Structure formats: structure tokens, C-alpha cells
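Structural overview for review
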Amino acid sequence: RYDDGYLYTGYWTGRKGGNMVCIPVTDEDPAQPLEEKKAAWTMFDSGGFYWAGSWTNEKYVMVGSDLGLLYCLDKRSGEVVQKIDTNELTGNTTAEIRSDISYYKNRIYFTSKGGWLFSYNLKEDGTIDTEHVIQPLKLGNMSTSTPLVYNGRAYVGVTYGGTYGIQVVDVDEATGALAKAYQLETDGYPQTSGVMSTGYVDQDGYIYVYFLTNSPRGTLYVVKDKKGLTQA
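Note that this is a predicted model, so its numbers are computed, not measured. (Residues numbered from 1 in each chain as written. Predicted model: local features only at pLDDT ≥ 70, side-chain atom pairs only at ≥ 80, totals over all residues. Heavy atoms only, no water.)

1. Here we look at the overall build of the protein
From N to C terminus, the protein includes two helices and 19 strands. Compactness check: the protein gives a C-alpha radius of gyration of 18 Å against a globular reference of 17 Å for 232 residues, within 12% of the reference. Expressed as lengths along the three principal axes of its C-alpha atoms, the size of the protein is roughly 55 × 45 × 35 Å. Of all 232 residues assigned to the protein, the portion counted as buried reaches 50%. Contacts in the protein between residues at least 24 apart in sequence constitute 46% of all its contacts with a sequence separation of at least 6. (Helix = DSSP H or I, 4+ residues; strand = E, 2+ residues; numbered from the N terminus. Rg over C-alpha atoms; globule rule 2.2 N^0.38 Å. Buried < 20%, exposed > 50% of the residue type's maximum accessible area, 1.4 Å probe, protein only. Contact = heavy atoms within 4.5 Å.)

2. What about the packing of aromatic side chains?
All chains considered together, the criterion is met by ten aromatic pairs. Their ring planes at 55 degrees and their centres at 6.3 Å tell us that Phe-49 and Tyr-71 sit as a pair that is tilted. Here Tyr-71 lies in strand S7 (residues 69–74) and Phe-49 lies in the loop between strand S4 (41–45) and strand S5 (55–56), a separation of 22 residues in the sequence. Judged by its relative accessible area of 4%, Tyr-71 is buried. (Phe/Tyr/Trp six-rings, centres within 6.5 Å; stacked < 30°, edge-to-face > 60°.)

3. Structural notes on the nonpolar core
Met-62, Leu-70, Ile-108, Phe-110, Tyr-120 and Ile-128 are the most contacted members of the largest nonpolar core, which totals 15 residues. Of all the secondary-structure elements, those providing two or more residues to this core are strand S6 (60–64), S7, strand S10 (107–111) and strand S11 (116–121). Considering each element in turn, this core owes the most residues, three residues, to S11. If you look at the next biggest cluster of nonpolar residues, it comprises 14 residues, including Leu-139, Val-156, Tyr-160 and Leu-178. (Core = buried A, V, L, I, M, F, W, Y, C linked by side-chain atoms within 4.5 Å.)

4. Regarding the sheet that holds strand S9 (residues 102–104)
Read from one edge to the other, the open sheet built from four strands follows the order S9-S10-S11-S12, with strand pairing classed as antiparallel. The strands lining the two open edges of the sheet, one partner per strand, are S9 and strand S12 (137–138). As judged from the five bridges shared by S10 and S11, these two strands associate in the antiparallel manner. Within S11, the residue paired with Ile-108 across the bridge is Tyr-120. (Pairing = 2+ DSSP bridges.)

5. Side note on the side chain of Asp-45
Following the sequence through the fold, Asp-45 ends up in strand S4. No salt bridge is formed by the buried Asp-45; the nearest opposite charge belongs to Lys-83, separated by 6.6 Å. Side-chain polar atoms of Asp-45 contact the backbone nitrogen of Gly-47, separated by 2.7 Å. Separated by 2.5 Å, the side chains of Asp-45 and Tyr-71 make a polar contact. Sequence-distant contacts of Asp-45, defined by excluding residues within four places in its chain, comprise Gly-17, Gly-18, Ser-65, Leu-67, Leu-69 and Tyr-71. (Lys, Arg positive; Asp, Glu negative; His and termini not counted. Salt bridge = Lys/Arg side-chain N within 4 Å of Asp/Glu carboxyl O. Polar contact = N/O pair within 3.5 Å; in protein donor to acceptor, adjacent residues only side chain to side chain.)

6. Structural notes on the sheet that holds strand S17 (residues 195–197)
The strand order across the open sheet built from three strands is S17-S18-S19, with neighbouring strands paired in antiparallel fashion. Edge positions in the sheet fall to S17 and strand S19 (220–225), since each of these pairs with one other strand and no more. Strand-to-strand, the axes of this sheet are offset by a mean angle of 25 degrees, without reference to chain direction. In this structure, strand S18 (residues 207–212) lies alongside S19, joined through six bridges in antiparallel fashion. Directly across from Ile-207, in S19, lies its bridge partner Asp-225. (Axes fitted to C-alpha atoms, helices over the stretch in contact; angles between N-to-C directions.)

Next up, the structure:
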């Protein structure tokens, strides 16, 4: 993720764990196209950061680790401000977080390899609200898909154990409560995030969400949806 002159990314080295790093984009030597860059800070996690993308606000960067830990870090120093073990909510000790952190209307969303969809409220100071906890939703066997959230709905790629699909989830905008609306079966695993068009909302109320699958044909699926639908 890029934010205000810095890049934020994570590394994974298997059982050796990996670092979350912050790298300034300043070109210290314009005459040298191949100079080595130094990280402004690094933060080590024994699980590492595998496919895990971060999200930033004014003060903090938030990212999930392969141990199922959700971190809130100081953007400029890398200091751990909060460390939340999502396994405590699910009882799943292998709930690797392998999605990006997405944001919509003062809440963050992400999935885990254990098949869960998580959401947390943010406090006024930009940190994670750990007092008013939103119960995570079990989607299926596994998900590495970054949730796309819009207008009381979340769209997530998931596996169900031998089958695959795009899960449409109702999000209570007042409480954050999560509930399954319906699923669209696919020919492969939609591991990535969806891309949304709102270009036709004013015509018929529908949005269109596009997902590619990790399959031999790389099929592109389009979900035509609006709030209240209970089937694809």
C-alpha cells in the first residue's frame, strides 16, 4: 500500500516468519537507478505476512499475519499499538489472514484461510474498537479473498470443500452484524478481490461485481446484485 510518501508491505519466509516493512519512496540518489533502499522500520511476526495487504488511515497501518493476528501499527515508527488474536473469536488455531484489509464507513473487513469473514469497528482516534466486537461469519472451508463492501453488502470469494463460489453477505450498517444472503457457484476458486461498477445504480438499482477464478480457464464472473436479493 502507498500512503503519503511511504510503501507498506509484508514478507513471508515459511517457518522463519517475516517482516512488515515501511519503505520511503524518496529517491536519495537520482543519478543511480539501482541504489539499495532502506526500510524506515520493520516489524517481525513469527508467522509472517503471506498475500496480506494492509490499510492505512491518518496515524496507523493495519495488517493481518499468518498466525491470525490483526495488527494496528504506528505508521511512522512501526510500534505495535494493538495486536488482536482472531483465533480467540473462532477457536480456529490455523486461521491465517491472507487477504487485504478493506475499509468501508468506519469499519475494516478481512478474511482468513480458515474460511471466516471478520469485521471490526474503528474508534474516533483511528484504532480498532475491541469493546464492541462484531461476531465473525463462517463462510466456508477457506477464503483468501479481500472483501468488497458496499451499501450493506459484502462480496467474498470462498471454497466450500470441493466446490467454489462467491458469497454475498448482508452487513447490518448499524451494528455491523454479518449474515449470508446467497452464494453463486463458480468453476474455480475466486481468491482475489472483486471489482465493482456502480455505473447503473441510477437506472435500475443494481451494482455489478466482477471476480476472476484461479482455474484452468480463468473464468470471469459477474454478480448483478442489489440489497434485498436472496438468490443470484
